[in-house]
Amino acid sequence: MVELSVKKRVIEYVLSKIEAKNQEWGRFLVKDSFDTLDLHITFWAVQESARDLKEVALTPMVEQPELELKLTYAPPSFFLEVLDGRNTPYWQVATVYRVLNNSEIIYDPKGRLKEWVNKINQIKWTPDVIQLKQQTTLSLLQRMEKFIKEDMLADAYIWLIKAAEEAICVPLMKQNSFGLGSAPLLLDTLRDHHNDIFLFFKSLLRIEMFSIEKLEESRRELEKLADRLYLDNIKTDREMWILAAFVALNESEKRLTQSIAAKEYDINLSTRLFETSIGELWQAYFLVAQNPRTEVKLDPWVVGSFWKWFGYPEINEEWFHQKVSIIKDLIK
């Protein structure tokens, strides 16, 4: 946990680095669900000079070198497109809502950021975006069916889980929920308010089948595989996918460590962290597996590792069709 006095000193340090040439609109201190557990502070800076989102790591404080400082630069248009109701990708809408809804304004010379925060409850999911989620789900299910016919059940399972992620968003978006975008976020959103969907998603991620030892071993195996694949794919289409997977792997390791520590004083928190760790592991597997330039689309080595840890003998064509029926009900 980061002490309040340390946060204040960090904020003063970060604000002292603002340069007028960047035409900065303001800065947020962004909180998340695990702020009380992590030694990190996350900022967002809105700058006219920014072309796109860019996250950088800041130099840690000398008196607390273990403290992680992260700063994401964003152009004003990233927020304004959403707040003005323009047609934007769903992940952008979800990110804008999350950042504004979990922020503390620390620099706002013209009051623009305060106006944005006041508008946060006006953000709504449009029917077009929800319809796109439905269509994406059906497209992924078609891809899954193709691999079932080819008796490639591991590939089919990966596309089934991805289709479920898309489908789960539909009822949440209809309720104007914004905790979307990745398995860990979906688990958190579903946990307290959508128990049936939560249990279904947990079963697809095989959460009940993982032990601490199994989770650690599977993560280490994927890390070694990702290291080798990264070296083979520098400056190719796969490089960014694999780099994103390393982020998920690091997050999985961190949440598992916290889960083990939390067992002594809060079983519910420990369970939540453990589930989050598995969600991050799944995210990493999906990202490392992406092989855009090939016909199969998923790397066979990664698929084999995924099946080793997530697959089980009961998975057959009938099992797939039972799950597909549930997924199609979600997108009605």
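These figures come from a predicted structure and were not determined experimentally.

### Details of the nonpolar core
Phe28, Phe79, Tyr157, Leu160, Phe310 and Phe320 are the most contacted members of the largest nonpolar core, which totals 92 residues. Ile11, Val14, Leu67 and Leu69 belong to the second largest nonpolar core, which has 11 residues in total.

### Some thoughts on the sheet that holds strand β2 (residues 40-47)
Strand order in the open sheet formed by 5 strands is β3-β4-β2-β1-β5, and the pairing between neighbours is mixed. Edge positions in the sheet fall to β3 (54-57) and β5 (103-107), since each has one partner strand and no second. Ignoring strand direction, the axes of neighbouring strands in this sheet form an average angle of 25 degrees. Of the strand pairs in this sheet, β3 and strand β4 (residues 68-74) are connected by 4 bridges, and their pairing is antiparallel. Each bridged residue has a counterpart across the sheet, and for Ala57 the counterpart in β4 is Lys70. Across the sheet, helix α2 (residues 76-83) touches β1 (24-30), β2 and β4, and the angle it forms with β2 is around 80 degrees.

### Points about the pattern of salt bridges
For the coordinates displayed, the defined rule picks out 18 salt bridges. Its salt-bridge partner being Lys202, residue Glu275 comes within 3.3 Å of it at the nearest N-O pair. Of this pair, Glu275 sits in helix α11 (residues 267-289) while Lys202 sits in helix α8 (residues 195-204), and the two are 73 residues apart along the sequence. Under the relative-accessibility criterion, Glu275 is labelled buried at 4%. For Lys332, the salt bridge identified is with Asp329, shortest N-O distance 3.1 Å. Residue classification places Lys332 among the exposed residues on the basis of a relative accessible area of 67%. A residue is classified by how much of its surface remains accessible, and Asp329, at 45% relative accessible area, is partly exposed. Ionic contacts of the salt-bridge type, sharing partners, join the residues Asp188, Arg191, Lys202, Glu208, Arg272 and Glu275 into one network.

### As for the packing of helix α9 (residues 212-232) against helix α12 (residues 300-310)
For any two helices packed against each other, one specifies the crossing angle of their axes together with the interaxial distance. Running from amino to carboxyl end, α9 crosses α12 at an angle of 180 degrees, the nearest separation of the two axes being 11 Å. By the angle between their axes, α9 is roughly antiparallel relative to α12. Contacts from Lys214, Glu217, Ser218, Glu221, Leu222, Leu225, Arg228 and Leu229 of α9 reach α12 at Trp301, Val302, Ser305, Lys308 and Trp309. Of the residues in the contact of α9 with α12, the class split is 6 nonpolar, 2 polar and 5 charged.

### Re helix α3 (residues 90-101)
Helix length check: α3, at 12 residues, gives a terminal C-alpha distance of 16 Å against a target of 16 Å (1.5 Å per residue), a fit within 8%. The complete set of buried residues in α3 reads Gln92, Val93, Ala94, Thr95, Val96, Tyr97, Val99 and Leu100.

### So, the packing of aromatic side chains
Across all of its chains, the model carries 22 aromatic pairs by this definition. Here the aromatic rings of Phe78 and Phe79 are separated by 5.7 Å at their centres, their planes lie at 85 degrees, and the arrangement is edge-to-face. Residue classification places Phe78 among the buried positions, given a relative accessible area of 6%. Overall, the relative accessible area of 0% leaves Phe79 in the buried class. Plain terms: the ring middles of Tyr230 and Phe246 are 6.3 Å apart, the flat faces sit at 75 degrees to each other, and that makes the pair edge-to-face.

Definitions and cut-offs
Residues numbered from 1 in each chain as written. Predicted model: local features only at pLDDT ≥ 70, side-chain atom pairs only at ≥ 80, totals over all residues. Heavy atoms only, no water. Core = buried A, V, L, I, M, F, W, Y, C linked by side-chain atoms within 4.5 Å. Buried < 20%, exposed > 50% of the residue type's maximum accessible area, 1.4 Å probe, protein only. Pairing = 2+ DSSP bridges. Helix = DSSP H or I, 4+ residues; strand = E, 2+ residues; numbered from the N terminus. Axes fitted to C-alpha atoms, helices over the stretch in contact; angles between N-to-C directions. Contact = heavy atoms within 4.5 Å. Salt bridge = Lys/Arg side-chain N within 4 Å of Asp/Glu carboxyl O. Parallel < 35°, antiparallel > 145°, perpendicular 65-115°, else oblique. Nonpolar A, V, L, I, M, F, W, Y, C, P; charged D, E, K, R; others polar. Expected span 1.5 Å × (residues − 1). Phe/Tyr/Trp six-rings, centres within 6.5 Å; stacked < 30°, edge-to-face > 60°.

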